[in-house]
Amino acid sequence: MKDIMDRLKKEESFLWLQPEGEKETPFSLEDIEEAKKFMEDFAPLLMEVFEETREGGGRIGSELKELPKMKKVLGIEGGRLFGKLDNSLPVAGSIKARGGFFEVLNHAKRLAEEQGFYQGQPLNILKHRDFYAQQEIEVASTGNLGLSIGLISAYLGFKVSVHMSADAKEWKKALLREKGATVYEYPGDYSAAVLEARAASEIKKSYFVDDEKSPYLFMGYALAANELRDQLEKEGLLDEKINVYIPCGVGGAPGGIAYGLSFIIPQAKVYFAEPLKAPAVLLGMMTGKHDEIAVRDIGLSGKTQADGLAVGRASSLVGPLMVGRIQGIYTLGDDEMLAYLKKLYETEGLKVEPSACAGFKGPYFTNEEAVHVVWLTGGRLVPPEVFEDYLRS
Ligand SMILES: Cc1ncc(COP(=O)(O)O)c(C=O)c1O
């Protein structure tokens, strides 16, 4: 343990393998099935509001794409390399669309039940726009969750406020303002923005989307496991050795996916990837302190160019649920993520953001003959000039 702590403090890139542990199971497979049915019921509405979901039948899903050229360039020898293209998810352009849609739609349904205009029929939110325009949703974010909740809520007609930490990129704030969200900016880190957002929400009595412990976001992410199972089955790969690598910030998105996979593709080994200066979930899990320790406590800054992963303290919900569920967590540098970003564009023509590339280091650490699934977590909305800057940097 001391050795691992020293490596973290020295900002070394390494893989931590989780010792065996007892699983906690607060959500069942039936809960995941119910969540899937919930999203299917809303598919017609999503197709109506969001044109880009029509091709996929109102499904919030992404392609699984083999990346043979990237595999060659990276020199990965064993197995096959796939990208799970959440960078192109509808509306929000990131993995955060999964949790965001599920949470906002659940909130809309709950309000409709309270008001008496939902009695089991498909809920048409658009018919009640005047009502929803009076309902406020609040969220804190390093960028992509804010973009997801902000855009989805604004399109559905809610009033929405997004509280952004200092790491959030300017273009994300500008896009939100353009779509009608109110954006607040704070000089501090993500945890500070959460405190501000929570306090604002208490005063206004608005609905607070809590990235640090929302079970709705978590279940929305967990649904990705069904999708991956169907895709691997279609490729005839479901019985193979499967390794999944997911970039990790506060832990919600990768945690929800890992939770779903533990039921749905039980043999899948899941690895999280965190920045050298912001390994919040790794620190929480290896010490068993989860959200009761922050990277600053061990002298790390929490600062990274990978804005989606710029989180110093882990989710209180997710850390404990990952005990016995994930294989391990590794760290890597911003320079490595940027190098992967460039290679991915050059080889496969895919445009993603720096955070989204953290999964590519995983196969080096595992070094196995396996189906390597690298989760590409965001990027579709990155403006061309910002992407050009990434290529030049
Ligand atoms: C592109 C990207 N990848 C991964 C993540 C990690 O998700 P989480 O913070 O839920 O761990 C984020 C979070 O915002 C993100 O924006």
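Scroll up to find the structure this text is about.
Residues numbered from 1 in each chain as written. Predicted model: local features only at pLDDT ≥ 70, side-chain atom pairs only at ≥ 80, totals over all residues. Heavy atoms only, no water.

Trainee: What is the right way to read the sheet that holds strand 9 (residues 269–275) from this model?
Mentor: Hydrogen bonding along the main chain pairs the strands of a sheet, whether they run parallel or antiparallel. What the seven strands build is an open sheet, ordered 1-10-9-8-11-3-2; its pairing is mixed. Single-partner strands in this sheet number two, and they are strand 1 (15–17) and strand 2 (64–66). Neighbour-to-neighbour, the strand axes of the sheet open up by a mean angle of 25°, direction not taken into account. Bridge count for strand 9 against strand 10 (residues 328–332) is five bridges, and the pairing is parallel. The residue bridging Ala-273 from the neighbouring strand is Tyr-330, located in strand 10. (Pairing = 2+ DSSP bridges. Helix = DSSP H or I, 4+ residues; strand = E, 2+ residues; numbered from the N terminus. Axes fitted to C-alpha atoms, helices over the stretch in contact; angles between N-to-C directions.)

Trainee: Where do I start with the site of the ligand in this structure?
Mentor: Residues in close proximity to the ligand total 14 residues, the closest being Lys-96, Asn-144, Gly-249, Gly-251 and Thr-377. Backbone polar atom of Gly-249 to an oxygen atom of the ligand: 2.7 Å apart, as the coordinates give it. Interatomic distance of 2.7 Å between a backbone N/O atom of Gly-251 and an oxygen atom of the ligand. Among the elements that line the shell around the ligand, the one with the most residues is helix 12 (residues 252–264), at three residues. Of the residues belonging to the shell around the ligand, the class tally is six nonpolar, seven polar and one charged. (Near = heavy atom within 4 Å. Polar contact = N/O pair within 3.5 Å; in protein donor to acceptor, adjacent residues only side chain to side chain. Nonpolar A, V, L, I, M, F, W, Y, C, P; charged D, E, K, R; others polar.)

Trainee: Is there a simple way to think about the side chain of Glu-103 in this case?
Mentor: Along the polypeptide, Glu-103 turns up in helix 5 (residues 96–115). One buried charged residue, Glu-103, remains without a salt bridge, the closest side chain of opposite sign being Arg-110 at 5.6 Å. In contact with Glu-103, other than residues within four places in its own chain, are Tyr-207, Val-209, Ser-214, Tyr-216 and Leu-217. (Buried < 20%, exposed > 50% of the residue type's maximum accessible area, 1.4 Å probe, protein only. Lys, Arg positive; Asp, Glu negative; His and termini not counted. Salt bridge = Lys/Arg side-chain N within 4 Å of Asp/Glu carboxyl O. Contact = heavy atoms within 4.5 Å.)

Trainee: Whenever I open this one, the packing of aromatic side chains confuses me. Can you help?
Mentor: Enumeration according to the criterion identifies 17 aromatic pairs in this entry. When the centroid spacing of 4.9 Å and the interplanar angle of 50° are considered together, the rings of Phe-38 and Phe-42 count as tilted. We classify Phe-42 as buried; its relative accessible area is 5%. Both rings, one in Phe-50 and one in Phe-101, keep their centres 5.3 Å apart while their planes meet at 85°; by these two values the pair is edge-to-face. Pair noted here: Phe-50 is in the loop between helix 3 (43–49) and strand 2 and Phe-101 is in helix 5, with a separation of 51 residues, a long-range link. Its relative accessible area of 3% is what places Phe-50 among the buried residues. For Phe-101, a relative accessible area of 0% corresponds to the buried category. (Phe/Tyr/Trp six-rings, centres within 6.5 Å; stacked < 30°, edge-to-face > 60°.)

Trainee: Can you help me understand unusual backbone geometry in this one?
Mentor: Peptide bonds are trans in most cases, and residues, glycine excluded, mostly fall at negative phi. Despite not being glycine, Glu-11 has its phi angle at roughly 55°, a positive value. Secondary-structure assignment places Glu-11 in the loop between helix 1 (2–9) and strand 1. Positive phi values are uncommon outside glycine, yet Asn-367 reaches one of about 50°. Mapped onto the fold, Asn-367 is located in the loop between helix 16 (362–366) and strand 11 (371–376).

Trainee: How should the packing of helix 1 against helix 13 (residues 280–287) be read in this particular structure?
Mentor: A pair of packed helices is captured by two measures, namely the crossing angle of their axes and the spacing between those axes. The geometry of helix 1 relative to helix 13 is characterised by a closest axis approach of 11 Å and an angle of 165° between their N-to-C directions. By the angle between their axes, helix 1 is roughly antiparallel relative to helix 13. Two packed elements cross with a definite hand, and for helix 1 against helix 13 that hand is left-handed. Between helix 1 and helix 13, the residues in contact are Ile-4, Met-5 and Leu-8 and Leu-282, Leu-283, Met-286 and Thr-287, respectively. For the contact of helix 1 with helix 13, a count of residues per class yields six nonpolar, one polar and no charged. (Parallel < 35°, antiparallel > 145°, perpendicular 65-115°, else oblique. Left-handed = near helix turned anticlockwise from the far one by under 90°.)

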